[in-house]
Amino acid sequence: RRREALVRRQRQLERLRGVPAATRDAVRISLQCNLELPTELALARQVGAEGVGLLRSEFLYMNRDTLPTEDEQYAAFKDIVEGMEGETVTIRTLDVGSDKLAYSLGEHISPSVNPALGLRAIRLSLKVSTLLDTQLAAMLRASAHGKLRILLPMINSASEIKRVHEALGKAVKRLARKRVAMSDPLPELGIMIETPGAALAADTLSNFCDYFSIGTNDLTMYTLAADRGDEQVAHLYDPLHPAVLRLIRSATQAAGNAGIPVNLCGEMAGNPRFTALLLGLGLRDLSMSAPNLPRVKQRILGLELADAVKRTEQIMEQSDSGVIATLLDDFNALE
């Protein structure tokens, strides 16, 4: 009986593929997919994703001894952009370090006393400029084949964004001299909001980029100083902690005030338990792993946004994550 019920539920979710994600009071929500590997593209299309909210470019660097060339990266990005058939593909520049290691980087990265706080993500790309230059050129070339956006991980300051803008400008000039096709206008440049510093300075950072993408996995870890991969402190990792929620709201409001789009791509996005809360915080664009998208869409279709906003206002007045969890779960049980 459980198996039959599961099959029925799966069929119900499959029928939602072509249904727009909108609340009962007609507020449209964009649902996109996160991709770790190109092979996941077919599933993203199957569940009706409206784009790729996060393509992790690390797959190009893993399980190999040498760095991927510009041509290799261009070919991989081009295939994914074309595969999304006109939908936007957001490609994040290399994010290795912490729990993600790639031995193809060889001498460029060495063991760190605290990898999560060490040389990783945009810090590595800016230190080893050839890594960033190669990726930007490959992305610019792939942009000629569809809608592509560039996303920078672990940004903390405006100076980091400025340095990437300079590198991007040089890559554009180099490709233009060779008469290589690129999109017109050029791809938008966005930043990940995944540290408390970035969230608190989001109003300033918004002046130097085209959009935000909130990464709740790292944002929660850095805010609470708790690594969910460490079983000794994993119980302290809590995305419903008031500090985490306030930082999400702060970044979302900063984007709204600046008139730039904001997306949320952490694991919270793919959990229907958090959907009402995220919409209540002002988010209208969520990106998640493909298998989770139908369940999140189903939750959105059953929601009144006005009710979600009211409950979120109650939640944001609380100081205890246990009370927050109860308020959220009670609201979900009523819907």
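Report follows, based on the coordinates.

What counts as what
Residues numbered from 1 in each chain as written. Predicted model: local features only at pLDDT ≥ 70, side-chain atom pairs only at ≥ 80, totals over all residues. Heavy atoms only, no water. Helix = DSSP H or I, 4+ residues; strand = E, 2+ residues; numbered from the N terminus. Rg over C-alpha atoms; globule rule 2.2 N^0.38 Å. Buried < 20%, exposed > 50% of the residue type's maximum accessible area, 1.4 Å probe, protein only. Contact = heavy atoms within 4.5 Å. Expected span 1.5 Å × (residues − 1). Pairing = 2+ DSSP bridges. Right-handed = clockwise from strand over helix to strand, strands pointing away. Patch = residues over 30% accessible without salt bridge, like charges linked within 9 Å, V, L, I, M, F, W, Y side chains within 5 Å. Areas by Shrake-Rupley, 256 points an atom, 1.4 Å probe, with all protein chains shown as cover. Salt bridge = Lys/Arg side-chain N within 4 Å of Asp/Glu carboxyl O. Lys, Arg positive; Asp, Glu negative; His and termini not counted. Charge placed at Lys NZ, Arg CZ, Asp CG, Glu CD. Polar contact = N/O pair within 3.5 Å; in protein donor to acceptor, adjacent residues only side chain to side chain. Arc of directions from axis to C-beta. Phe/Tyr/Trp six-rings, centres within 6.5 Å; stacked < 30°, edge-to-face > 60°. Lys NZ or Arg CZ within 6 Å of the ring centre and 35° of its normal. Axes fitted to C-alpha atoms, helices over the stretch in contact; angles between N-to-C directions. Parallel < 35°, antiparallel > 145°, perpendicular 65-115°, else oblique. Nonpolar A, V, L, I, M, F, W, Y, C, P; charged D, E, K, R; others polar.

## Here's the deal with the overall build of the protein chain
Looking only at helices and strands, the protein chain features 14 helices and 8 strands. The C-alpha radius of gyration of the protein chain comes to 20 Å, within 12% of the 20 Å expected for a compact globule of 335 residues. Overall size of the protein chain, expressed as C-alpha extent along the three principal axes, is 60 × 40 × 40 Å. For the protein chain, the proportion of its 335 residues judged to be buried stands at 51%. Long-range contacts, defined as pairs at least 24 residues apart, comprise 70% of the intrachain contacts of the protein chain with a sequence gap of at least 6.

## Some remarks on helix H5 (residues 129–142)
With 14 residues, H5 extends 20 Å between its outermost C-alpha atoms, agreeing within 8% with the 20 Å of an ideal straight helix rising 1.5 Å per residue. In terms of burial, H5 is a largely internal element, 10 of the 14 residues being buried. Buried residues in H5 make contact with helix H3 (70–83), strand E3 (88–92), helix H4 (121–127), strand E4 (148–152) and helix H6 (158–177).

## Things to note about the pairing of strand E2 (residues 51–56)
The buried fraction of E2 is high, at 6 of 6 residues. Where strand E1 (residues 30–35) meets E2, 3 bridges bridge the pair, whose relative direction is parallel. Looking across to E2, one finds that Leu35 is bridged to Leu55. For the crossover that starts at E1, traverses helix H2 (residues 41–46) and ends in the parallel E2, the hand is right-handed.

## So, a positive patch on the surface
A cluster of like positive charges, contributed by Lys170, Lys173, Arg177 and Lys178, occupies part of the molecular surface. Mapped onto the fold, Arg177 is located in helix H6.

## Re the environment of Arg24
When you line up the elements, Arg24 lands in the loop between helix H1 (2–14) and E1. Arg24 sits 125 residues away from Arg149 along the chain, and the two C-alpha atoms are 31 Å apart. At 2.4 Å, the side chain of Arg24 forms a polar contact with the backbone oxygen of Gly302. Looking at Arg24, its side chain comes within polar contact range of the side chain of Glu304, at 3.5 Å.

## Topic: helix H14 (residues 321–334)
One turn of the α-helix equals 3.6 residues, which is why residues spaced by three or four share an orientation. Along its 14 residues, H14 runs 20 Å from first to last C-alpha, staying within 8% of the 20 Å computed at 1.5 Å per residue. Those residues of H14 that sit buried are Ile324, Ala325, Leu327, Leu328, Phe331 and Asn332. End-on view of H14: buried residues confined to an arc of 165°, all on one side of the axis. What points out from H14, more than 90 degrees from its buried face, is the exposed set Ala333 and Leu334. Check the buried side of H14 and you find it contacts helix H10 (242–258), helix H11 (272–280), helix H12 (293–301) and helix H13 (305–315). Near the N-terminus of H14, the side chain that reaches the backbone nitrogen of Gly322, with its oxygen 2.7 Å away, is that of Asp320.

## Overview of unusual backbone geometry
Between Asp184 and the following residue, Pro185, the backbone shows a cis peptide bond with an omega angle of 5°. By the element assignment, Pro185 lies in the loop between H6 and strand E5 (188–193). Its identity as a non-glycine residue notwithstanding, Glu85 has a phi of 50°, on the positive side. Within the secondary structure, Glu85 is located in the loop between H3 and E3. Phi at Met154 is positive, roughly 55°, even though this residue is not glycine.

## Quick look at the packing of aromatic side chains
Counting across every chain of the model gives 0 aromatic pairs. The cationic tip of Arg141 hangs over the ring face of Tyr74; the distance from NZ or CZ to the ring centre is 4.2 Å. Its guanidinium or amino end placed over the ring of Tyr211, Arg149 lies 3.7 Å from that ring's centre, counting from NZ or CZ.

## Concerning the pairing of E4
Burial of E4 is extensive: 5 of the 5 residues sit out of reach of the surface. Burial along E4 is two-sided: Leu148, Ile150 and Leu152 facing one way and Arg149 and Leu151 facing the other are all buried. In this structure, E3 lies alongside E4, joined through 4 bridges in parallel fashion. The residue of E4 that forms the bridge with Ile91 is Ile150.

## Observations regarding the packing of H11 against H13
Here H11 crosses H13 at 85°, and the two axes come no closer than 8 Å. If you check the angle between H11 and H13, you find them roughly perpendicular. Across the interface between the two elements, Ala276, Leu277, Leu279 and Gly280 of H11 pack against Leu305, Ala308, Val309, Thr312 and Ile315 of H13. Looking at the contact of H11 with H13 residue by residue, the classes come out as 7 nonpolar, 2 polar and no charged.

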